[in-house]
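In case you want the letters, here they are:
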Amino acid sequence: MSVTIKEVMTTSPVMPVMVINHLEHAVPLARALVDGGLKVLEITLRTPVALECIRRIKAEVPDAIVGAGTIINPHTLYQAIDAGAEFIVSPGITENLLNEALASGVPILPGVITPSEVMRLLEKGINAMKFFPAEAAGGIPMLKSLGGPLPQVTFCPTGGVNPKNAPEYLALKNVACVGGSWMAPADLVDAEDWAEITRRASEAAALKK
Ligand code: 3PG
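If you're wondering where the values come from, they're calculated on a predicted model, not measured in any experiment. (Residues numbered from 1 in each chain as written. Predicted model: local features only at pLDDT ≥ 70, side-chain atom pairs only at ≥ 80, totals over all residues.)

Caption draft 1: Representation of the overall build of the protein in the model. From N to C terminus, the protein includes 10 helices and 8 strands. Residue pairs in contact within the protein that sit at least 24 positions apart in sequence constitute 62% of those at least 6 positions apart. (Helix = DSSP H or I, 4+ residues; strand = E, 2+ residues; numbered from the N terminus. Contact = placed C-beta atoms within 7 Å.)

This is the structure in C-alpha cells:
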C-alpha cells in the first residue's frame, strides 16, 4: 500500500537522513533504526550504492518506510522510483522536478526556505515541506515567522538539527517531524555499532511531537 506524505511526517518524530557508503551496511543499519522505533528512512542518493541500498532495505526490512533523498532532477527522481522509493525528498525544488514528481504520483517532500518558495508549492497543492538547511536558514525563529502568514504549511526541518535542539523544533505548531543524521553518523556506521544506533534511534523516537 502506498504511503502518504502525512504518514511520512507523522509516523515518527525524527526522520533519519542516511548516507550509506557500503551496500552491506544498508540492511543492518535500517534494522537498527527500525528496532529503535524509527520506521521512516531517507536514503540519500549521494553514494554510488544508494539505489541498491533502497532495493535491499525494501526487500529485507518490511517494517521500514523507505524514501529517497537528495533528489535534484527528474533523472534521479525516476531512478529512485524505479528502485522502489516510497517517497521522495529534495533539498530544493525546480518547476521541472515538481511537475515530474506530481505526474509520477510519488509523494514528495520538497525543500524550501523562503515565503515565495512556500507560496509556489501551495499553488501546486503541496502543504508539507522540508525546511532546509534548517539551522543555517534561520532555524526556529524563521519557522515561527513563516507560521504567521503561512500557517497552513507543515515543515520537516532538516540540517543542523540535533538531540539538543530537536525538542524545540518539535514544539513548534508548524513542525511535524525533524530530519537528521545524528542517529547514524558515519563513524558509528563504519564501526558497525548497530546497538548504539538503535539506542540513539530509541531516544529520538521518544521525542514528543
Ligand atoms: C543532510 O544534508 O545531510 C541532512 O540535512 C542532514 O543534516 P545533518 O547532518 O545536519 O543532520
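Caption draft 2: Broad picture of the site of the ligand. Residues in close proximity to the ligand include Val-17, Phe-132, Thr-158, Gly-159, Gly-160, Val-161, Gly-179, Gly-180 and Ser-181, which together make up its full environment. Residue composition of the shell around the ligand, grouped by class: 3 nonpolar, 6 polar and no charged. (Near = placed C-beta within 6 Å. Nonpolar A, V, L, I, M, F, W, Y, C, P; charged D, E, K, R; others polar.)

Caption draft 3: Quick peek at the pairing of strand 7 (residues 154-157). The alternating pattern of strand 7 places Thr-154 and Cys-156 and Phe-155 and Pro-157 on opposite faces, both of which are buried. The pairing of strand 6 (residues 128-131) with strand 7 spans 4 bridges and is parallel. Bridging across to strand 7, Met-129 finds its partner in Phe-155. You can see the chain leave strand 6, run along helix 7 (residues 139-147) and come back into strand 7, and the turn it takes is right-handed. (Buried ≥ 20, exposed ≤ 12 C-beta atoms within 10 Å, placed from the backbone. Pairing = 2+ DSSP bridges. Right-handed = clockwise from strand over helix to strand, strands pointing away.)

Caption draft 4: Just the sheet that holds strand 4 (residues 87-90), in detail. Spatial strand order, 7-6-5-4-3-2-1-8: 8 strands in an open sheet with parallel pairing. Of all the strands in the sheet, just strand 7 and strand 8 (178-180) have a single pairing partner and so form its edges. Taking each pair of neighbouring strands and ignoring which way they run, the sheet shows an average axis angle of 30 degrees. Both strand 4 and strand 5 (residues 108-112) contribute to a ladder of 3 bridges, which runs parallel. (Axes fitted to C-alpha atoms, helices over the stretch in contact; angles between N-to-C directions.)

Caption draft 5: Structural detail: the environment of Asp-63. Mapping Asp-63 onto the fold places it in the loop between helix 3 (50-60) and strand 3 (65-69). Residue Asp-63 is classed as exposed on the basis of its 9 C-beta neighbours within 10 Å. Residues Asp-63 and Val-40, spaced 23 residues apart in sequence, show a C-alpha to C-alpha distance of 9.0 Å.

Caption draft 6: Spatial organisation of the pairing of strand 6. Neither face of strand 6 is left uncovered, since the one carrying Ala-128 and Lys-130 and the one carrying Met-129 and Phe-131 both have all their residues buried. Strand direction decides the pairing type here: strand 5 and strand 6, joined by 2 bridges, are parallel. Residue pairing for strand 6: Gly-111 is matched across the bridge by Lys-130. Since strand 5 and strand 6 lie parallel, the crossover through helix 6 (residues 115-123) that links them has a hand, and here it is right-handed.

Caption draft 7: The arrangement of unusual backbone geometry in detail. With an omega dihedral of -5 degrees, the bond running from Phe-132 to Pro-133 counts as a cis peptide bond. If you check the backbone angles, Thr-70 has positive phi at about 60 degrees while not being a glycine. Residue position: Thr-70 is located in the loop between strand 3 and helix 4 (74-83). The phi angle at Glu-192 is positive, at roughly 55 degrees, despite the residue not being glycine. As for its position among the elements, Glu-192 is in the loop between helix 9 (186-190) and helix 10 (194-205). Looking at Glu-192, the number of C-beta atoms within 10 Å reads 14, which means it is partly exposed.

Caption draft 8: Fine view of the packing of helix 4 against helix 5 (residues 95-104). Where helix 4 contacts helix 5, the two axes come as close as 9 Å, and the packing angle between them is 25 degrees. For the element pair helix 4 / helix 5, the angle class is roughly parallel. In terms of crossing hand, the pair formed by helix 4 and helix 5 is right-handed. Of the residues in helix 5, those touching helix 4 at Pro-74, Leu-77 and Ile-81 are Asn-96, Leu-97, Glu-100, Ala-101 and Ser-104. Taken together, the residues that form the contact of helix 4 with helix 5 break down as 5 nonpolar, 2 polar and 1 charged. (Parallel < 35°, antiparallel > 145°, perpendicular 65-115°, else oblique. Left-handed = near helix turned anticlockwise from the far one by under 90°.)

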